[in-house]
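Residue-level listing of the chains:
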Amino acid sequence: MYDVAIVGLGCAGYTAAIYCARYKLSTLIIGAEEGGMGMAAAEVGDWPGTVNITGPDLMENFKKHALSFGGVAHRIVRIDRIDPFDYAQSDIRQKAFHLILQSGEALDARTLILALGTKKRHLGVPGEVEFSGKGVTYCATCDAYFYKGKGVAVIGGGDSAVEGAAIAAQVAREVYLIHRRKEFRAEPYWVNRMKARDNVTFVLERNIVEILGKEKVTGVRLDKPFEGKDILPLDGVFIEVGADPASGLAKDAGCALDAKGYVTVDAAQSTTIPGIFAAGDLTTNSNYFAQFTTAAGEGTVAANSAFKYLQSAEAIPSPQGRGSG
Ligand SMILES: Cc1cc2nc3c(=O)[nH]c(=O)nc-3n(C[C@H](O)[C@H](O)[C@H](O)COP(=O)(O)OP(=O)(O)OC[C@H]3O[C@@H](n4cnc5c(N)ncnc54)[C@H](O)[C@@H]3O)c2cc1C
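Just so we're clear, the structure is a prediction, and the values are computed from it rather than from any experiment.

Trainee: Explain the packing of aromatic side chains to me, please; I cannot follow it from the model alone.
Mentor: In the structure shown here, the tally under the stated rule is eight aromatic pairs. Seen from their ring centres, Tyr-147 and Phe-238 are 5.3 Å apart, and the 85° between their planes marks the pair as edge-to-face. In this pair, Tyr-147 sits in the loop between α3 (140-143) and β9 (151-155) while Phe-238 sits in strand β15 (residues 236-239), placing the two residues 91 residues apart along the sequence. Between the aromatic rings of Tyr-262 and Tyr-288, the centroid separation amounts to 5.1 Å while the plane-to-plane angle is 80°, which identifies the pairing as edge-to-face. Highlighted residues: Tyr-262 in the loop between α6 (248-252) and β17 (276-278) and Tyr-288 in the loop between β17 and α7 (292-311), separated in sequence by 26 residues.

Trainee: Help me out: how do you make sense of the packing of helix α1 (residues 11-22) against α7 in this one?
Mentor: A packed helix pair is summarised by two numbers, namely the angle formed by the two axes and the spacing between the axes. Put simply, α1 and α7 touch, their axes get as near as 7 Å, and they point 35° apart. Viewed along their axes, α1 and α7 form a crossing whose handedness is right-handed. Here α1 contributes Cys-11, Ala-12, Thr-15, Ala-16, Tyr-19 and Cys-20 to the contact with α7, which in turn contributes Phe-292, Ala-295, Ala-296, Gly-299, Thr-300 and Ala-303. A class-by-class count of the residues in the contact of α1 with α7 yields nine nonpolar, three polar and no charged.

Trainee: Explanation requested: the sheet that holds strand β11 (residues 200-204) in the structure shown.
Mentor: The pairing of strands in a sheet comes from backbone hydrogen bonds and takes either a parallel or an antiparallel form. With parallel pairing, the five strands of this open sheet are ordered in space as β8-β15-β9-β10-β11. With partners counted over all chains shown, the strands left at the sheet margins are β8 (136-137) and β11, one partner each. Sheet analysis places β9 next to β15, joined by four bridges and oriented parallel. Considered in β15, the bridge of Ala-153 is made with Val-237.

Trainee: Before we go on, may I ask you to explain α7 in this structure?
Mentor: Since the α-helix packs 3.6 residues into each turn, any two residues three or four apart lie on the same face. Here α7 spans 29 Å end to end across 20 residues, near enough to the 28 Å set by a 1.5 Å rise per residue. Here α7 has its buried residues at Phe-292, Thr-294, Ala-295, Ala-296, Glu-298, Gly-299, Ala-302, Ala-303, Ser-305, Ala-306, Tyr-309 and Leu-310. Close packing links the buried residues of α7 with β1 (2-7), α1, α2 (55-67), β5 (92-101), β6 (106-114) and β17.

Calculation notes
Residues numbered from 1 in each chain as written. Predicted model: local features only at pLDDT ≥ 70, side-chain atom pairs only at ≥ 80, totals over all residues. Heavy atoms only, no water. Phe/Tyr/Trp six-rings, centres within 6.5 Å; stacked < 30°, edge-to-face > 60°. Helix = DSSP H or I, 4+ residues; strand = E, 2+ residues; numbered from the N terminus. Axes fitted to C-alpha atoms, helices over the stretch in contact; angles between N-to-C directions. Left-handed = near helix turned anticlockwise from the far one by under 90°. Contact = heavy atoms within 4.5 Å. Nonpolar A, V, L, I, M, F, W, Y, C, P; charged D, E, K, R; others polar. Pairing = 2+ DSSP bridges. Expected span 1.5 Å × (residues − 1). Buried < 20%, exposed > 50% of the residue type's maximum accessible area, 1.4 Å probe, protein only.

Without other data, these values stay purely geometric and don't point to any function.
This is the structure in structure tokens:
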């Protein structure tokens with residue numbers, strides 16, 4: 001039985017693990033993918049104290065830091081389910097949680113910190129599923145390297161799309177940035193980096209209606225012609241149209257979600273289920289500003305709250321009162 005199980009191997013999860021280790025809680029950190037969304041960041045220029053670092057290097061630092069204290073168990077595996085159960089020992093009676101792993105194994109913890117992040121949104125157009133992994137991918141910065149000298153499109157107008165187009169333009173022959181609106185929502189830093197490249201073409205106020213191919217992607221069909229043509233021939237399509245909270249596990253465990261599916265938390269990062277805390281891009285906190293700094297801040301508070309909850313035998317007193325066993 002762990003004191004705390006942190007689900008998620010990203011920025012929020014590793015930050016929570018650092019604090020839990022320093023509180024001397026028996027801690028498990030577990031998640032499906034090492035490093036989480038941070039692995040997609042080509043350059044991070046806003047992590048305080050470090051002028052510039054790649055996302056993968058930053059996440060490696062997080063992991064090393066969290067595991068440097070010893071006593072933090074680390075597993076890479078998907079969790080399929082969370083089952084609450086009644087736990088009683090000496091004067092403590094409270095809910096505890098079985099984590100049911102994809103392998104079928106069960107691990108138990110008295111508190112949970114859910115740091116499940118978000119998952120990339122899909123376009124939902126014909127050809128997307130068929131050519132996924134055959135020219136269609138959901139991380140321009142991760143996969144651009146494989147398209148050296150080729151023609152690619154990045155779909156979207158937010159931070160990930162614009163950063164992705166700027167990075168892809170360093171290796172690809174030509175990059176089309178296809179965006180349904182006229183303006184970009186991305187940080188000016190990345191917009192300027194992208195605009196400085198002469199091999200990026202903006203295809204604005206257009207949607208993709210189909211991804212075309214045979215064995216691999218050969219192009220996309222647009223809803224309105226661009227420069228007289230409604231088909232753009234391409235080798236790769238990077239879909240960067242936002243992300244939705246990965247809140248399925250939290251919902252099934254009984255945690256309340258907001259209308260968009262984010263896990264509702266209070267200022268202590270407590271969810272609506274006692275003993276379950278949540279942190280990072282998954283939650284309603286930090287004004288939905290999904291950043292490393294905000295995820296780290298929420299992970300910090302969640303760890304502190306889990307510590308206080310565990311310290312307090314009165315968090316959920318036994319029906320007979322304290323000391324009744
Ligand atoms: C291209 C790109 C560039 C970015 N650049 C910057 C930047 O420069 N500066 C900045 O501040 N932010 C940047 N961000 C945002 C930043 O990466 C995120 O805000 C941050 O990584 C969120 O961390 P998190 O811990 O909340 O979630 P995540 O990092 O997404 O971690 C979620 C974890 O939960 C795990 N998980 C989910 N479901 C399950 C399950 N069922 N079972 C087990 N594990 C599960 C995942 O495998 C993962 O390990 C960028 C994001 C992208 C995509």
